[in-house]
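# A closer look at the structure
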Amino acid sequence: MSTERLSRFTQAFTRLIDEAPPEDAILQRGGKLLAELVGHDDWLADRFAAPDAQFYRQYLLYCDPRERFSVVSFVWGPGQKTPVHDHTVWGLIGVLRGAEVSQDFALGADGGLIAGARHRLNPGQITAVSPTIGDIHTVENALSDRVSVSIHVYGADIGKVSRTTFDPVTGQPKTFVSAYSEPDA
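Presented here is a report on the structure given in the accompanying data block. (Residues numbered from 1 in each chain as written. Predicted model: local features only at pLDDT ≥ 70, side-chain atom pairs only at ≥ 80, totals over all residues. Heavy atoms only, no water.)

## A look at the overall build of the protein
A count of helices and strands for the protein gives 2 helices and 11 strands. For the C-alpha atoms alone, the extent of the protein along its principal axes is close to 50 × 40 × 25 Å. At a minimum sequence separation of 6, the contacts of the protein that also span at least 24 residues come to 72%. Carbon and sulfur atoms form 52% of the exposed surface of the protein, whose accessible area is close to 9,100 Å². The average position of the 17 basic charges and that of the 23 acidic charges among the side chains of the protein differ by 3 Å. (Helix = DSSP H or I, 4+ residues; strand = E, 2+ residues; numbered from the N terminus. Contact = heavy atoms within 4.5 Å. Areas by Shrake-Rupley, 256 points an atom, 1.4 Å probe, with all protein chains shown as cover. Lys, Arg positive; Asp, Glu negative; His and termini not counted. Charge placed at Lys NZ, Arg CZ, Asp CG, Glu CD.)

## Notes on the nonpolar core
In terms of nonpolar packing, the biggest core is built from 26 residues, with Phe13, Leu44, Trp90, Ile151 and Val153 touching the most fellow members. When residues of this core are traced back to their parent elements, those giving at least two are helix H1 (4–18), helix H2 (23–38), strand S1 (57–63), strand S2 (70–76), strand S4 (91–97) and strand S9 (148–154). Listed in part, the 9 residues of the second largest apolar core include Tyr154, Ala156, Ile158 and Val161. (Core = buried A, V, L, I, M, F, W, Y, C linked by side-chain atoms within 4.5 Å. Buried < 20%, exposed > 50% of the residue type's maximum accessible area, 1.4 Å probe, protein only.)

## Quick look at H1
With 15 residues, H1 extends 21 Å from end C-alpha to end C-alpha; this agrees with the ideal 21 Å at 1.5 Å per step. Among the residues of H1, Arg5, Leu6, Phe9, Thr10, Ala12, Phe13, Thr14, Leu16 and Ile17 are the ones counted as buried. Where the residues of H1 are buried, they touch H2, S1, S2, S4 and S9. Positive phi appears at Ala20, one or two residues downstream of H1, with a value of about 55 degrees. (Expected span 1.5 Å × (residues − 1).)

## Thoughts on the layout of surface pockets
Of the volumes computed, that of the largest pocket is approximately 380 Å³. Of all the elements in the fold, those that place two or more residues in the lining of the largest pocket are S1, S2, strand S8 (136–141), S9, strand S10 (162–166) and strand S11 (173–177). Of the residues that constitute the lining of the largest pocket, the class distribution is 11 nonpolar, 11 polar and 4 charged. Here the second largest pocket is characterised by a volume of approximately 160 Å³. Taken together, Ser102, Asp104, Phe105, His119, Thr127, Ala128, Val129, Ile133, Gly134, Asp135, Ile136 and His137 make up the full set of residues lining the second largest pocket. Broken down by class, the residue content of the lining of the second largest pocket amounts to 5 nonpolar, 5 polar and 2 charged. (1 Å grid on protein atoms, 1.4 Å probe; cavity = no way out; pocket = protein on both sides within 12 Å on 5 of 7 lines; lining within 4 Å. Points joined across faces, edges and corners; volume = space filled by probe spheres on them. Nonpolar A, V, L, I, M, F, W, Y, C, P; charged D, E, K, R; others polar.)

## Things to note about unusual backbone geometry
A positive phi angle, near 55 degrees, is found at Ala20, a position not held by glycine. In this fold, Ala20 is placed in the loop between H1 and H2. For Glu67, which is not glycine, the phi dihedral falls at a positive 60 degrees. For Glu67, a relative accessible area of 33% corresponds to the partly exposed category.

## Considering the sheet that holds S1
Spatial ordering of the open sheet is given by S1-S2-S9-S4-S7, a layout of 5 strands whose pairing is antiparallel. Strands with a single pairing partner mark the edges of an open sheet, and in this sheet they are S1 and strand S7 (126–129). Strand-to-strand, the axes of this sheet are offset by a mean angle of 25 degrees, without reference to chain direction. Across 4 bridges, the pairing between S4 and S7 is antiparallel. Paired with Leu92 across the bridge in S7 is Ala128. Strands in contact with H2 are S4, S7 and S9; relative to S4, the strand with the most contacts, it is inclined by about 15 degrees. (Pairing = 2+ DSSP bridges. Axes fitted to C-alpha atoms, helices over the stretch in contact; angles between N-to-C directions.)

## So, the environment of Leu27
With respect to the helices and strands, Leu27 occurs in helix H2. When the C-alpha positions of Leu27 and His40 are compared, they lie 20 Å apart, and in sequence the two are 13 residues distant. Setting aside anything within four residues of it in sequence, one finds Leu27 in contact with Trp90, Gly91, Leu92, Ala128, Val129 and Ile133.

Keep in mind that these numbers describe shape and distance, not what the molecule does.
Dropping the structure here:
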């Protein structure tokens, strides 16, 4: 596995962020960069694509030294799913292997959750989230018989951001900070 493709991506993304464009430009231009990265499945080291039998894994691949963005691989075993959660920062998601399904939600006036669209992403496809365009969802492996891997880019070190999960029935919020998985040696 070559790290050259990831290195070129992080350099290009750093140049984009250095320009300090508005969020919509980051999502649009950054989305093209991410689509190029996930359009090739020859660069992610096996240790950052290793599943866990019970829980999805989140591996930190790169964090900007000023924590303006981070790049993370998410590894989904068959049947694995996130709780309903938000991000509080912009994010880009691209599928590298397998497929995943995202279920959008919005908070209703009464604090309950309102289900929105379901999206399936296949290899090479990307989507965006942010508080501006909607960032509450669940994500799950769309495949029942194999692992799926997606690459996420967030507008902060996502492993340090205080975020919220929501009870799917009541909408009751609970604060959390997501932890990174440690890759096997």
